[in-house]
Amino acid sequence: MISMIMVLNQKGEIMISRQYRDDVSRVAADSFRIQVRDSDTCFQYETCSTARHSRLFTKGCFVFVVSFIVCLFLTELAPTPLLSIENCSFLYTRHLNMYFVALTKSNVNPALVFEYLFQKIRVLKAYLGEEFDESSMRNNMTLIYELMDETMDFGYPQNCAVDVLRLYINLGNVKPQDEPEPEQLTKQITGAIDWRREGIRYKKNEVYIDVLESVNLLISSSGNILRSEVTGKVQMNTKLTGMPECKFGLNDKLVIEKESTGARKKPGVEIDDCTFHRCVRLGKFDADRTITFIPPDGEFELMRYRVNDNVNLPFRLIPAVQEEGQTKCSINLKVIANFSEKLFATHVVIKVPVPKNTSKSKIKNSFGRAKYEPEQNAIVWRIKRFPGKAECMLSVDLELVRTVRPKAWVRPPINVEFQVPMFTASGVHVRFLRVYDKSGYHTNRWVRYITKAGGYQVRI
Amino acid sequence: MAPKDGTPSGGGSDSRFFNTNKKGEMHELRMELHSTDRNIKVDAVKKVIASMTVGKDVSMLFTDVLNCAQTANIELKKLVYLYLINYAKSQPELTLLAVNTFVKDASDPNPLIRALAVRTMGCIRVDRITEYLCEPLGRALRDEDPYVRKTAAVCVAKLYDIAPELVRERGFIETLHDLISDSNPSVVANGVAALSEISETSGRDVMKISASVLQKLLAALNECTEWGQVFILDSLAKYTPADAREAEGIIERVTPRLQHANSAVVMSAVKVILSYMDVMGGGAHADSIRALTRKLAPPLVTLLNSEPEIQYVALRNINLIVQKRPNILENEIKVFFCKYNDPIYVKMEKLEIIIKLVSEKNIDQVLLELKEYATEVDVDFVRKSVSAIGRCAVKLDRAAERCIGVLLELIQTKVNYVVQESVIVIKDIFRRYPNRYESIIATLCDNLDTLDEPQAKAAMIWIIGEYAERIDNADELLDAFLETFEEEDPAVQLQLLTATVKCFLKNPEETQDMVQRVLDLATEESDNPDLRDRGFIYWRLLSTDPEAAKLVVLGDKPVIEDDTFRLEPNLLNVLVGQIATLSSIYHKPPEAFVVRAKRGATGSDGMGVGDLGDDIEEGDEEEYEDDNDVNRGGGGDDLLDIGGLSMNDNAASSNYGNLGLEPDMFGAPTPSVAEPEARMSKVCAPEKSGGIELWAGFRQVQGAVKLELDVRNISSNVPVSTLAIQLNKNSFGLSPAAQQIMCNPPIPVGGSGRHSVELVVNPAMLVQAPAGQPASPQIQVAIKNMTTGLVFYFAVNFAFEVLFSPDGALERATFIESWKSIDDKKELYGTVSDLPPASTDIDQVAAKFKAHHIFLIARRPVPNAEGQEVAYFSMRTTTGMVFMAELTFKKGVNAAKVCLKTEQIAYGVQAKVALETLLRS
């Protein structure tokens, strides 16, 4: 299991380390610095460890932690998120410019370690703010230690649910009257439903449901669809009283086929695969594909799903590129919105790559704003509002600088970003959400749909 | 806080102020710690912790901080405990003061505090604390509160790490078993985690999954936290179901987990299903297996939509799964196509899988993709894509032509590294399909100039040599390369040599000069032994029998297949069982990188040895001076200065006297302390011996020679129980005292055991070394697995030092006399370099040698050579051979000269090797 968790900053200093096991030794935080000079292999690290410090760590571990940090910073993009040095494995991930590193000497489940690190970061975000940084870490040192002890014991991850942690770890501002009885608290922490506490009350019971889809598309230069896929997630924000039992339904093809007998058949969507928040009863889903759960309070991600077939692509792009000799190049692009005219897309950004040696560009476009952005090596075309069924054109004439060594232009794909509200590329929609509670209150439900571009790319 | 007036520019008095400041700070903290106001107290402890984190030593506040533990405030208590854990190791005595607090807290009415106390006590690895831990732990395991029980469960694992015997004595393992049927899922999860951990460290199955345990685990699976589910699934994976029906039943309960949002749960569930599918076998269950195969694909694909780190883990595992059960993902090749912005490590892994899934059906699509990748920016990725095209060609006969077409297109881009990589793979394609695609050689030859990497050059030269008869100007092309022969990489030189010879055999008239020149270059100019040897072989072949040379050099080569990236089946089976562990990421069995922590070798013991070392050094310095005095009188030079040596006697023996501790360490009547461990080496790979891996080494135990055998059952389905052993005749006359090796209990798959076989010297088994030649160190061993009847052989080099007997110390006078009497011809010289630091100090060397019955006779500095010192050693084997050695060390140089004299010159080499190995170890 995990022997130690440490957090490094960009300079390679250990900001926080918590040792859970003895097989790797403690490293005196801040006792060494690493300076990577330039980007080449010459580096130096000075250790300013005094005799006093050196008592805190044994030589062996020190050496390989240093070599880990050197590995990490020399190869700026370290080869893999998993390094093994002297039989000690380092698994790490990043948050902003900080590295969260887990050390282990045993044959652990790497997915478990990464999931723990992600959750750890999620917990810290909940406590310190979405964009927490070095200084907020330093200012809340004791809180972080407390969280480290509570979420992991002897290298085994424990409860990481933010809501529950908040019940008894609250930034040091303990307000005894708010705190539940310890007995009830421990039941909560260890119980089968550790994501929701009892006794929640709302005057108005509401549920907000967001269906967010992102479309991944890759079209070859000859116009064939190489990959089209929708990954969606259902996010909920629940404000419900008590311990309500919920049942949720999408227009899942398998369910609809089972329900509708014979006559009227509304075709459902074929969902390839889905994963659920841990509140969902997986056994029940496996048996009859019904989604039942007691929701956490507030925001959470209920499920993710994947749809591969019959994807409604919101945009169609038809590019034509012509390189004339070494000094001229022209690009024409036609974009067609494929969704109903009642809707419109927002934040449309189309990046059309151009050669590096472009010197002049002449751009004509039917609407929106397009300009050449040399730092991106692309013509960036921004359209704030793109109505459904509309068509628009972009034509670009480029002048290129002659280069000493002519090298073929590596043509990166055209990249498109967009958002289409109230549209799902997969065709998924919410059929129902039923909330059952003893008191039988009424619940207001609000559903929103948004489709965004994931990797929406057209090769040229 | 600190008074500001200490910092201004005050010249020499600054440091004084600084000190007072510091003292003041500590003093202030101490006052705050004793404050009656709780907030001030909490802040003070926080300050202490903050200082601790940045590496300041705040251990002097130990008692003050400990005092704060007497509080009902949980937050304060946590902070104090955090401090305790940190300093427990360096302040074991003071930590004992905390015992009372712990014991009191462990029965606090607040369950959070009870749990905290138990958790913290487990983290403090001080022996005396451990004794006090047992009582509260026992109570905590039966606590009414689930939070306390779940904490206690993990604490048992902690205790097992410190004191396994205590855990067994107190029956905690049985209690853990009870926890598996606990009503609370978190408790079950941690109970399972603790049991698996103990099973792993002890190497015994303490989990013992029975039918009822199994039901409990499966029931808990639905209720547990996500982590608990992972622990349970991982322990289920270690269980072997009794029959196909049971396996199917368990799989049914496990499959819903594939829909979990936590990828660790998904991966572990996949592992369980895959390993149980093996149990189900085919036949009657073929349908269910097909259904499962269909069920496994979607969750695996979904993992590829997670964070890149998870994608990487998934891809490494999928790599194994695809090899084991190719049909799971056979129709999903598209999902492995790289996205433009995937991290490079993900792209590389995806490529590997694409190559494994490529088939006649999808090759066109794959080729289009690969061609696209070959124009990307990252050089490594591009090269790998190009090489993937070649591998597709080697794999799919019917698509080879299309692949070559793509490669030729890529060569036209003239991008340097693309061309080089293409040439390298085209060579493989030629070797796979001889005489099919030679028409493209002309294109390749057009690009000769761009080749600057050794591998690409070597490949091109191989092609030229192989098809010399179809290239009009082959000799000219080779000639061009020959101009820079001496600067080339050895691989290129070897290829050039071979290609020239091939060219000569095909076209002798025009290339005679050239071949002569190459042979000269290879045999006379080069100092690379491989090149020289190959040169001589060709030379002799060509000069004695050119026809035979043709048969040898131009003979048909075996056709290669695309198996370069396939894992060996045994290893693959092991690794598939290790899915969702680090092992599956590294593609190495766990033994290869997990080092079992050795107990007792840590902490205070280490310190003790260090202290002893210091003592030796001190005694040593005095000794030096004495020595120098003596030598100043003696003068003299060389070896024959041994006269000075005898005058040294008193000094030397007093030196021994100084080492008061020495007899405790080495001469103690309980030899187990000092008896050196055997150096184990792998002698037998599992594929040779029916899935058993053997490691062997030699050691001496109380005067007897032992052959230590580590038996590891890698993939033998029959547990290893009885083996028979026999040794071939050898230079030492060794043979086993008993031929049977009993493994009790039998070693199942994945297990291992160590056995020592006593060896006795039997004159009938002795092989005399041929006159004038050194004795062979090799011992040939035959092992018969009595259960399977399989016999396998291995050879292992004998560790000669094991034969040295404890009575090997010669009298000084005898030593000098024998040394002088032995002829210089019976002398062996050598230098050992790159010694570890411990082997550069004579005292440490002598101590180490003594453990192996090699005795220090005397030592002295070399006159007129600053910092050099010589030490004399003697040793005697149990068979009565005597060896004498002179070791020369120089201060600051990590090398030593070894000179060895003996009458039994045939064994001299062995003795010298033994000394050198010991020095290096």
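What you see as residue numbers is a count from 1 along each chain, following the sequence as written. For this description, chains carry letters from A and ligands carry numbers from 1, given in the order in which they are written. Totals for whole chains, interfaces and linings use every residue, but because this is a predicted model, local features are given only for residues with pLDDT of at least 70 and side-chain atom pairs only at 80 or more, for both listing and counting. To get the side-chain values, take all heavy atoms of the structure and skip hydrogens and water.

- Chain B goes by Beta-adaptin appendage C-terminal subdomain domain-containing protein in an unreviewed UniProt entry, where it is assigned to Cyclotella cryptica.
- The heading Sequence similarities (unreviewed entry) in the UniProt record of chain B holds the text "Belongs to the adaptor complexes large subunit family."
- Note on chain B: under the UniProt heading Subunit (unreviewed entry), the record states "Adaptor protein complexes are heterotetramers composed of two large adaptins (beta-type subunit and alpha-type or delta-type or epsilon-type or gamma-type subunit), a medium adaptin (mu-type subunit) and a small adaptin (sigma-type subunit)." UniProt positions are given in the numbering used here, feature names are shortened, and annotations may be inferred rather than shown by experiment.

- As annotated in an unreviewed UniProt entry, chain A is MHD domain-containing protein from Cyclotella cryptica.
- Among the UniProt annotations of chain A, the heading Sequence similarities (unreviewed entry) holds the following wording: "Belongs to the adaptor complexes medium subunit family."

## Digging into the overall build of chain A
Okay, so step 1: Runs of H or I in DSSP of at least four residues are treated as helices and runs of E of at least two as strands, each being numbered from the N terminus. Secondary structure summary: chain A contains nine helices and 25 strands in total.
Okay, so step 2: Accessible area is worked out with a 1.4 Å probe on protein chains only. A residue is then buried under 20% of its type maximum, exposed over 50%, and partly exposed in between. In chain A, buried positions account for 55% of the 460 residues.
Okay, so step 3: Surface summary for chain A: the accessible area is close to 21,300 Å², and the carbon and sulfur share equals 48%. Each accessible area is a Shrake-Rupley result for a 1.4 Å probe, and residues are judged covered by the shown protein chains and nothing else.

## Let's talk about the overall build of chain B
Okay, so step 1: The helix and strand inventory of chain B stands at 39 helices and 14 strands.
Okay, so step 2: Here chain B holds 921 residues, and 53% of them are scored as buried.
Okay, so step 3: The contact rule is simple, with two residues in contact once any of their heavy atoms fall within 4.5 Å. Long-range contacts, defined as pairs at least 24 residues apart, comprise 65% of the intrachain contacts of chain B with a sequence gap of at least 6.
Okay, so step 4: In the form shown here, chain B has an accessible surface area of approximately 41,000 Å², with 51% of it arising from carbon and sulfur atoms.

## Overview of the packing of helix H5 (residues 141-151) of chain A against helix H4 (residues 74-88) of chain B
Okay, so step 1: Axis definition: a line fitted to C-alpha atoms, limited for helices to the stretch in contact. Angles are taken between N-to-C directions and run from 0 to 180 degrees. One way to put it is that H5(A) packs onto H4(B) with a least axis distance of 11 Å and a crossing angle of 85 degrees. By the angle between their directions, the pair H5(A) and H4(B) is classed as roughly perpendicular. Where H5(A) approaches H4(B), its residues A:Thr142, A:Tyr145, A:Glu146, A:Asp149 and A:Glu150 are matched on the opposing element by B:Glu75, B:Lys78, B:Leu79 and B:Leu82.
Okay, so step 2: Its residues assigned to classes, the contact of H5(A) with H4(B) comprises three nonpolar, one polar and five charged. By definition in this entry, angles of less than 35 degrees are roughly parallel, angles greater than 145 are roughly antiparallel, angles of 65 to 115 are roughly perpendicular, and the rest are oblique. Polar here means any residue other than Ala, Val, Leu, Ile, Met, Phe, Trp, Tyr, Cys and Pro, which are nonpolar, and Asp, Glu, Lys and Arg, which are charged; Gly is therefore polar.

## Topic: the domain arrangement of chain B
By convention, interface size is frequently given as the accessible area that disappears when the constituent parts associate.
Okay, so step 1: The assigned domain composition of chain B is domain 1 (14-238), domain 2 (358-434), domain 3 (440-556), domain 4 (612-673 + 804-920) and domain 5 (681-798).
Okay, so step 2: Domain borders in the structure are assigned automatically or taken from a domain database. Domain 3 of chain B and domain 5 of chain B are separated by 46 Å when their C-alpha centres are compared.

## Observations regarding the UniProt feature "domain: Beta-adaptin appendage C-terminal subdomain" (unreviewed entry) in chain B
Okay, so step 1: Here the UniProt feature "domain: Beta-adaptin appendage C-terminal subdomain" (unreviewed entry) sits at residues 804-920 of chain B.
Okay, so step 2: Taken end to end, residues 804-920 of chain B is 31% helix and 32% strand, and its first and last C-alpha atoms sit 18 Å apart.

## A look at the side chain of A:Asn109
Okay, so step 1: You can see A:Asn109 is positioned in the loop between strand S7 (98-104) and helix H3 (110-128).
Okay, so step 2: Within the structure, A:Asn109 has its side chain in polar contact with the backbone nitrogen of A:Ala111 (distance 3.1 Å).
Okay, so step 3: For this analysis, a polar contact is any N or O atom pair within 3.5 Å, provided that within protein one partner can donate a hydrogen and the other can accept it, and provided that sequence-adjacent residues contribute only side-chain to side-chain pairs. A polar atom in the side chain of A:Asn109 sits 3.0 Å from the side chain of B:Ser268.
Okay, so step 4: Excluding anything up to four places from it in sequence, A:Asn109 contacts B:Val230, B:Asp234, B:Ala264, B:Ser268, B:Ala580 and B:Thr581.

## Here's the deal with the sheet that holds strand S6 (residues 740-747) of chain B
Residue and element names in this part refer to chain B.
Okay, so step 1: When DSSP finds two or more bridges between two strands, those strands count as paired. The strand order across the open sheet formed by four strands is S6-S4-S8-S9, and the pairing between neighbours is antiparallel. The open sheet has two edge strands with one neighbour each: S6 and strand S9 (791-797). When the angles between neighbouring strand axes are averaged without regard to direction, this sheet yields 25 degrees.
Okay, so step 2: Examined bridge by bridge, strand S4 (residues 720-727) and strand S8 (residues 778-785) share five bridges and lie antiparallel to one another. Considered in S8, the bridge of Ala724 is made with Lys784.

## Quick word on the interface of chain B and chain A
Okay, so step 1: Contacts between chain B and chain A engage 89 residues on the former and 84 residues on the latter.
Okay, so step 2: When two parts are brought into contact, each loses some accessible area as probed by a 1.4 Å sphere; the total of that loss over both is the buried area. Counting the surface chain B buries against chain A, the share from its top three residues, B:Trp227, B:Gln259 and B:Leu582, is 10%.
Okay, so step 3: Any carboxyl oxygen of Asp or Glu that lies within 4 Å of a side-chain nitrogen of Lys or Arg is treated as forming a salt bridge with it. At the junction of chain B and chain A, the tally comes to eight salt bridges.
Okay, so step 4: Note that A:Arg21 is salt-bridged to B:Glu197, the shortest N-O span being 2.7 Å.
Okay, so step 5: Across the side of chain B that touches chain A, the residue classes break down as 41 nonpolar, 22 polar and 26 charged.

## Some details on the packing of aromatic side chains
All names here are of chain A.
Okay, so step 1: Whether two aromatic rings pair depends on their centres lying within 6.5 Å, for rings of Phe, Tyr and Trp, where Trp uses its six-membered ring; planes under 30 degrees apart make the pair stacked, over 60 edge-to-face, and the rest tilted. Counting across every chain of the model gives 34 aromatic pairs over all chains.
Okay, so step 2: With a centroid separation of 6.4 Å and an interplanar angle of 20 degrees, the aromatic rings of Phe114 and Phe118 are classed as stacked. Here the residue Phe114 and the residue Phe118 both occupy positions in helix H3, the gap between them amounting to four residues, near one helical turn.
Okay, so step 3: Given a relative accessible area of 9%, Phe118 falls into the buried group.

## Some details on the nonpolar core
Okay, so step 1: In this structure, A:Met137, B:Tyr83, B:Leu137, B:Leu236, B:Leu329 and B:Phe336 are the most contacted members of the largest nonpolar core, which totals 273 residues.
Okay, so step 2: In this view, B:Tyr83 contacts B:Val48, B:Ile49, B:Met52, B:Val58, B:Ser59, B:Leu61, B:Phe62 and B:Val65; residues no more than four positions away in its chain are not counted.
Okay, so step 3: In these notes, a set of buried Ala, Val, Leu, Ile, Met, Phe, Trp, Tyr and Cys residues joined through side-chain atoms within 4.5 Å is what counts as a nonpolar core. Listed in part, the 74 residues of the second largest apolar core include A:Val269, A:Leu343, A:Val352 and A:Ala425.

## Brief notes about helix H17 (residues 286-303) of chain B
Okay, so step 1: Each residue after the first adds 1.5 Å to the expected span of a helix. With 18 residues, H17(B) should reach 26 Å at 1.5 Å per residue; the first-to-last C-alpha distance of 27 Å fits that figure.
Okay, so step 2: Burial in H17(B) covers these residues: B:Ser288, B:Ile289, B:Leu292, B:Thr293, B:Leu296, B:Ala297, B:Pro299, B:Leu300, B:Val301, B:Thr302 and B:Leu303.
Okay, so step 3: Contacts from the buried residues of H17(B) go to strand S13 (273-276) and strand S15 (298-307) of chain A together with helix H15 (244-254), helix H16 (263-280) and helix H18 (308-324) of chain B.

## Structural notes on a negative patch on the surface
Okay, so step 1: Residues B:Glu486, B:Glu487, B:Glu524 and B:Glu525 make up a contiguous surface patch of negative charge.
Okay, so step 2: With respect to the secondary-structure elements, B:Glu486 resides in the loop between helix H26 (474-482) and helix H27 (490-506). Patches in this entry comprise residues that are over 30% relatively accessible and not in a salt bridge; like charges within 9 Å are linked, as are nonpolar side chains (Val, Leu, Ile, Met, Phe, Trp, Tyr) within 5 Å. Positive residues here are Lys and Arg, negative ones are Asp and Glu, while His and the chain termini are left out of the count. Every charge is mapped to an atom, namely NZ of Lys, CZ of Arg, CG of Asp or CD of Glu.

## Considerations on unusual backbone geometry
Residue and element names in this part refer to chain A.
Okay, so step 1: Backbone geometry places Phe154, a non-glycine residue, at a positive phi of 55 degrees.
Okay, so step 2: Looking at the secondary structure, you find Phe154 in the loop between strand S8 (152-153) and strand S9 (156-157).
Okay, so step 3: Of the residues examined, Phe154 reaches a relative accessible area of 5% and is grouped as buried.
Okay, so step 4: The phi dihedral of Lys389 falls on the positive side, at around 65 degrees, and the residue is not glycine.

## Regarding the pairing of strand S21 (residues 378-387) of chain A
Residues and elements named next belong to chain A.
Okay, so step 1: Inspection of the sheet shows strand S18 (residues 344-353) paired to S21 by nine bridges, in the antiparallel sense. Within the sheet, the bridge partner assigned to Pro353 lies in S21 and is Ala378.
Okay, so step 2: Relative to S21, strand S20 (residues 369-373) runs antiparallel, the two being bridged by five bridges. Residue pairing for S21: Ala370 is matched across the bridge by Trp381.
Okay, so step 3: The antiparallel hairpin formed by S20 and S21 contains four residues in its connecting segment, where Asn377 sits at a positive phi of about 55 degrees.

## Let's talk about the environment of B:Leu521
Okay, so step 1: In this structure, B:Leu521 sits in helix H28 (residues 508-525).
Okay, so step 2: Each C-alpha atom, one on B:Leu521 and one on B:Phe815, is 52 Å from the other, the two residues being 294 residues apart in sequence.

## Concerning the pairing of strand S22 (residues 391-400) of chain A
Residues and elements named next belong to chain A.
Okay, so step 1: Sheet topology note: the strand S17 (residues 328-337)/S22 ladder contains nine bridges and is antiparallel. Opposite Lys334, over in S22, you have Met393 as the bridge partner.
Okay, so step 2: Pairing analysis gives seven bridges linking strand S19 (residues 358-365) to S22, with the strands arranged antiparallel. Within S22, the residue paired with Lys364 across the bridge is Ser395.

## Things to note about H3(A)
Okay, so step 1: Here H3(A) contains 19 residues, and its C-alpha end-to-end distance of 27 Å stays within 8% of the 27 Å for a straight helix at 1.5 Å per residue.
Okay, so step 2: Looking one or two places after H3(A), you find A:Gly129, whose phi comes out positive at around 105 degrees.

## Here's the deal with the confidence of the model for chain B
Should the pLDDT be low somewhere, the predicted coordinates at that spot are not to be read in detail.
All names here are of chain B.
Okay, so step 1: How sure the predictor is of each residue is captured by pLDDT, a score from 0 to 100. Per-residue pLDDT for chain B averages 80, and the proportion of residues at 70 or more is 87%.
Okay, so step 2: When pLDDT is averaged over each helix and strand of chain B, the minimum, 37, is found for helix H34 (residues 642-647) and the maximum, 93, for H18.
Okay, so step 3: The low-confidence segment residues 1-21 (pLDDT under 50) makes nine contacts with residues lying over four places distant or belonging to another chain.
Okay, so step 4: For this predicted complex, the interface score ipTM comes out at 0.84, while the overall pTM is 0.71.

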